[in-house]
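# Report on the structure
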Amino acid sequence: MQSDQIMIIGPVIIGAGPSGLAVAACLKRRGIPSLIIEKESCIASLWKHKTYNRLQLHLPKKFCELPYIPFPPEYPKYLTRQQFISYLDAYAKHFSIEPLLGQEVQQAKFDTTSSCWWVRTNEYQFVSPWLIVAAGENAEPVIPDIDGISKFTGRILHSSTYKDGAAFKGSKVLVVGCGNSGMELSLDLCNNGAQASIVVRDKLHILPKQVLGKSTFALSMSLLKWFPVTVVDRFLLFCSRLVIGDTNRFGIERPKMGPLQLKISVGKTPVLDLGTFAKIKSGEIKVVRGVRKFTDKGVEFLDGTVEEFESVILATGFKSNVKSWLRDLNFFSQNDANSENSLPKSWKGKNRVYSVGFTRQGLLGAAMDAHKVADDIKRHWNSEAWNLH
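Heads up: these notes are all about the structure in this document. (Residues numbered from 1 in each chain as written. Predicted model: local features only at pLDDT ≥ 70, side-chain atom pairs only at ≥ 80, totals over all residues. Heavy atoms only, no water.)

Attention now goes to empty space enclosed by the protein. A full pass over the atoms with the stated rule returns 1 cavity of 30 Å³ or more. Approximately 30 Å³ is the volume attributed to the largest cavity. For the lining of the largest cavity, the residue count by class is 4 nonpolar, 2 polar and 2 charged. (1 Å grid on protein atoms, 1.4 Å probe; cavity = no way out; pocket = protein on both sides within 12 Å on 5 of 7 lines; lining within 4 Å. Points joined across faces, edges and corners; volume = space filled by probe spheres on them. Nonpolar A, V, L, I, M, F, W, Y, C, P; charged D, E, K, R; others polar.)

Below, the structure is given as structure tokens:
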């Protein structure tokens, strides 16, 4: 039941994940107070409760740091899930960031009379001149509507509830989804003695995690300073074929557009191979085509073949829920939750609404967004009009 209305002199930030923590820290460094509202019972809830045990950050740690605080020097190049969680907890403690937990946003709308944002949660209504959306692109799991899925008598779970492959030892498991999560879960299942099959419905790029001893991502960023994206793409594909082999031979076709161009154009991230493709080449992980429908004991594929499985894991990703509560559809697209403004303006909308972490550039992009947002608010904060307000 709605009970209180609270005026916040600084920005209200929605979401206590890495993006929310980063922008709160940037604001604090500029002398601006803020309030983070978080629907879960802890910070970084996605990392703490909806990630699998073997997860490692795909990029070197220098590309994953939040503003002002580097990772401990003893941390490895690629952080484990638990190391990153410990870093986030220490980060919040360092900046004395204390989100208001258990507050699920029901509506956020701009009121022209007061020239403020009114944010209604399950308990309170907050009023602030600024609204920062940092709830992330991964707020809710995507559950595909596949014919007959309710008839399947085996175990079905989303990757957000998967922890490790030990529970699947000796069983036949189908992984639906061939992004980074699907590939990693397939590898984890295989390494734990499960018979894993992965659905590869669309064309995709698989790249080695490292090339010539250097992170593929870091190498790409360096080359893009000197060469056009098409040239860098050709180099990455040449290295990929040299390091991991021809994916087409094993049922994984590559798109005509290069991996970086595809990422820039439509936001589709290439898969960074951690060893899954070697298991595919050896036949330990089976590649299957798209699912036509579920049966009571398995799946019928698009090519008409039928196979039984004991478990199905939906590595079908996540989606944002921002459009369900933000009453500003000119800022967030109705088709997805990414800002409609083209880069680099995608972090800012009209009426002092901002977003952090929606530019499809990962933790590095969130850190850059956080600085931009804090700088922009600082300009308003120092103005005489806002002091009077």
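Okay, a nonpolar patch on the surface next. There is a patch of nonpolar side chains on the surface, built from Phe 238, Leu 242 and Val 243 and spanning about 340 Å² of accessible area. Here Val 243 shows up in helix H6 (residues 229-243). The exposure class assigned to Val 243 is partly exposed, which follows from its relative accessible area of 48%. (Patch = residues over 30% accessible without salt bridge, like charges linked within 9 Å, V, L, I, M, F, W, Y side chains within 5 Å. Areas by Shrake-Rupley, 256 points an atom, 1.4 Å probe, with all protein chains shown as cover. Salt bridge = Lys/Arg side-chain N within 4 Å of Asp/Glu carboxyl O. Helix = DSSP H or I, 4+ residues; strand = E, 2+ residues; numbered from the N terminus. Buried < 20%, exposed > 50% of the residue type's maximum accessible area, 1.4 Å probe, protein only.)

This part takes up the sheet that holds strand S3 (residues 35-38). Taken together, 5 strands build an open sheet; the order of strands is S4-S3-S2-S8-S23 and the sheet is parallel. Two strands close off the open sheet at either side, each with one partner strand: strand S4 (100-101) and strand S23 (353-355). Pairing analysis gives 3 bridges linking strand S2 (residues 12-14) to S3, with the strands arranged parallel. Considered in S3, the bridge of Ile 14 is made with Ile 37. Strands S2, S3 and strand S8 (131-133) of the sheet are contacted by helix H1 (residues 18-29), whose axis makes an angle of about 160 degrees with S2. In the packing of helix H9 (residues 362-381) onto the sheet, the strands contacted are S8 and S23, and the crossing angle to S23 comes to about 160 degrees. (Pairing = 2+ DSSP bridges. Contact = heavy atoms within 4.5 Å. Axes fitted to C-alpha atoms, helices over the stretch in contact; angles between N-to-C directions.)

Now for the sheet that holds strand S5 (residues 105-111). Here 4 strands make up an open sheet; going across it, the order is S1-S7-S6-S5 and the pairing mixed. Looking at strand neighbours, the two that pair on one side only are strand S1 (4-7) and S5, the edges of this open sheet. Geometrically, the sheet is characterised by an average inter-axis angle of 20 degrees between neighbouring strands, direction not taken into account.

Right, let's get into the pattern of salt bridges. All told, the structure shown has 11 salt bridges when counted by the stated rule. A salt bridge links Lys 172 to Glu 307, with the shortest nitrogen-to-oxygen separation between them at 2.9 Å. Here the residue Lys 172 occupies a position in strand S11 (residues 172-176), and Glu 307 occupies one in strand S20 (residues 306-308), the gap between them amounting to 135 residues. Classification of Lys 172 by relative accessible area gives partly exposed; the value is 24%.

By secondary structure assignment, the location of Leu 212 is in the loop between strand S14 (210-211) and strand S15 (214-215). Note on Leu 212: relative accessible area 80%, which makes it exposed. With 51 residues separating them in the primary sequence, Leu 212 and Thr 161 have C-alpha atoms 35 Å apart.

With that out of the way, let us pick up the side chain of His 205. With respect to the helices, strands and loops of the structure, His 205 is situated in the loop between strand S12 (195-199) and strand S13 (206-208). Under the relative-accessibility criterion, His 205 is labelled buried at 3%. Only 2.7 Å separates the side chain of His 205 from the backbone oxygen of Met 257, close enough to count as a polar contact. With sequence-adjacent residues up to four places away left out, His 205 is seen in contact with Leu 237, Arg 254, Pro 255, Met 257, Gly 258, Pro 259, Leu 262, Pro 270 and Val 271. (Polar contact = N/O pair within 3.5 Å; in protein donor to acceptor, adjacent residues only side chain to side chain.)

When S5 meets strand S6 (residues 116-121), the two strands line up antiparallel, connected through 6 bridges. Residue pairing across strands places Asp 111 opposite Cys 116, the latter belonging to S6. Connecting the antiparallel pair S5 and S6 is a turn made up of 4 residues, with Ser 115 showing a positive phi of about 55 degrees.

Tracing the backbone through its elements, the reader meets Gly 102 in the loop between S4 and S5. Gly 102 sits in the partly exposed class, given a relative accessible area of 31%. Counting along the chain gives 60 residues from Gly 102 to Cys 42, while the straight-line C-alpha distance between them is 8.4 Å.

Okay, the environment of Lys 281 next. Summarising the element assignment, Lys 281 is placed in helix H8 (residues 276-282). The sequence separation of Lys 281 and Phe 250 amounts to 31 residues, and the corresponding C-alpha distance is 6.7 Å. Ignoring sequence-local partners within four residues, the contact set of Lys 281 consists of Ile 244 and Phe 250. In terms of polar contacts, Lys 281 uses its side chain to reach the backbone carbonyl oxygen of Ile 244, at 2.8 Å.

Shape descriptors only; they carry no functional weight alone.
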